[in-house]
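Working through the structure, step by step
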Amino acid sequence: MPELPEVEVVRRGLEPYIVGHTFDSVEVLHPRANRGQDAPLDAILRNRLVSGIERRGKYLWCQLDGNTDREDDVLFVHLGMSGQLRIGHTDSKHVRIRAHLSDGVDLSFIDQRTFGYWLVAPLAKIDHIGQDPLSPAFDIVAAARKLRTKRTHVKTALLDQTIASGIGNIYADEALWRAKVSPLRKANKLLQREAIAIYEAAVEVMTEALAQGGTSFDALYVNVNGESGYFSRSLHAYGRADEPCDRCGTALNRVVLNARSSHFCPQCQR
DNA sequence: ACCGCGGCCTGGCGGC
DNA sequence: TGCCGCCAGGCCGCGG
């Protein structure tokens, strides 16, 4: 569900509440929310200090100090399709993990579909995840070159998190609409300048979405205080099948690529 | 080595 | 009312 802007909204929202606090206790209410963990999460996290909260693409993690023989480990939080982090008490029936931190800060992990998770593991777990397009270190020329090695549709290649991370189904469609490139083009047939234009468009659209608090269609995406973002009003392609293109008025198409809907203008996206 | 597909889940919606 | 199929913002592992 949440893509880069939504995850960044969560990261920023969480930062002032949890950085500098230590874990008092952690309850895992649904085992899938902490699948793959090698020991009880409460035992791992108790008394550890959150010294920072970071993000790459859709992966969020807390840096942990204090203790221990697990110095290299961080606490990964992945929101999957329907995950939320909420500060304070919430009584949703989909609360999967509750954490109690010092000074009375309560944190709930809510996740209807249970594709998300918390996991304490080495940062190397996400070595395969590519650079984040909103990071100053993002090498757009290199990403564009790598995109152009893929023989699949450009839409599918944009969702490949090893090339550049954080672009999901919404922002892939929006970036292609802005760059006027059809999702059906083969990535390896793109010109370098087209591939660069697509990533430039992705950076623009995600930056604008972030400024508006992210994209919310319903209560499945909200920030740490339960508030929705406003960017859904600014979408030009995603979810707009059969509606007129905001540039040329042609009815937008919907096609399915690798079981993901793609929305585009057949007239002005080439 | 690459890429596409199925699987992992729950729930809302529309059609019959 | 209920059942069924389809749809949903992600990711990983398998097999061709």
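Located above this text is the structure these notes cover.
Just so you know, the residues in each chain are numbered from 1, in the order the chain's sequence is written. As a convention, the first chain written is A and the first ligand written is 1, with the rest following in written order. Two thresholds apply to this predicted model, a pLDDT of at least 70 for residue-level local features and 80 or more for giving and counting side-chain atom pairs, whereas whole-chain, interface and lining totals are computed over all residues.

1. With respect to the overall build of chain A
Spelled out, the test is: Helical segments are the DSSP runs of H or I of at least four residues, strand segments are the runs of E of at least two, and each set is numbered from the N terminus. To get the radius of gyration, use the C-alpha atoms; to get the globule rule, take the number of residues to the power 0.38 and multiply by 2.2 Å. For the exposure call, what matters is how many other C-beta atoms sit within 10 Å of a residue's own: 20 or more marks it buried, 12 or fewer exposed, and in between partly exposed, using C-beta atoms placed from the backbone. Here contacts are defined at the residue level, using C-beta atoms placed from the backbone and a cut-off of 7 Å between them.
Within chain A one finds six helices and 10 strands. Relative to the 2.2 N^0.38 estimate, which gives 18 Å for 270 residues, the radius of gyration of chain A is 20 Å and therefore close to what a compact globule would have. Judged by the C-alpha coordinates and their principal axes, chain A covers about 60 × 35 × 30 Å. Residue burial in chain A is summarised as follows: out of 270 residues, 40% are buried. In chain A, the proportion of contacts linking residues at least 24 apart, taken out of those at least 6 apart, comes to 64%.

2. Some thoughts on the sheet that holds strand 7 (residues 105-111)
In any sheet, the strands associate via hydrogen bonds between backbone groups, in a parallel or an antiparallel arrangement. In plain terms, the rule: If DSSP finds at least two bridges between two strands, the strands pair. Axis lines are fitted to C-alpha atoms, over the contacting stretch for helices. Their N-to-C directions set the angle, which ranges from 0 to 180 degrees.
A sheet is described by the order of its strands in space; here four strands give the open sequence 1-6-7-5, paired in antiparallel fashion. Two strands close off the open sheet at either side, each with one partner strand: strand 1 (23-28) and strand 5 (83-87). Along the sheet, successive strands turn relative to each other by an average axial angle of 15°, direction set aside. Two strands pair when backbone bridges link them, and strand 1 and strand 6 (residues 95-101) are joined in this way by five bridges, in the antiparallel orientation. Across the sheet, Val-28 pairs through a bridge with Ile-97, a residue of strand 6.

3. So, the protein's contact with DNA strand B
For the record, the criterion: Placing the C-beta atom from the backbone, one calls a residue near a molecule or strand if that atom lies within 6 Å of it. In the scheme used here, Gly and all other residues not listed as nonpolar or charged are polar, with Ala, Val, Leu, Ile, Met, Phe, Trp, Tyr, Cys and Pro taken as nonpolar and Asp, Glu, Lys and Arg as charged.
The environment of DNA strand B is made up of Arg-32, Gln-112, Arg-113, Thr-114, Phe-115, Lys-150, Arg-151, Thr-152, Thr-156 and Asn-258. Counted by class, the surface near DNA strand B contains one nonpolar, five polar and four charged residues.

4. Here we look at the sheet that holds strand 2 (residues 49-56)
The four strands lie next to each other as 2-3-4-8, forming an open sheet whose pairing is antiparallel. Single-partner strands in this sheet number two, and they are strand 2 and strand 8 (117-122). Strand-to-strand, the axes of this sheet are offset by a mean angle of 25°, without reference to chain direction. Together, strand 2 and strand 3 (59-65) form the strand contacts of helix 1 (residues 4-18), whose direction differs from that of strand 2 by roughly 170°.

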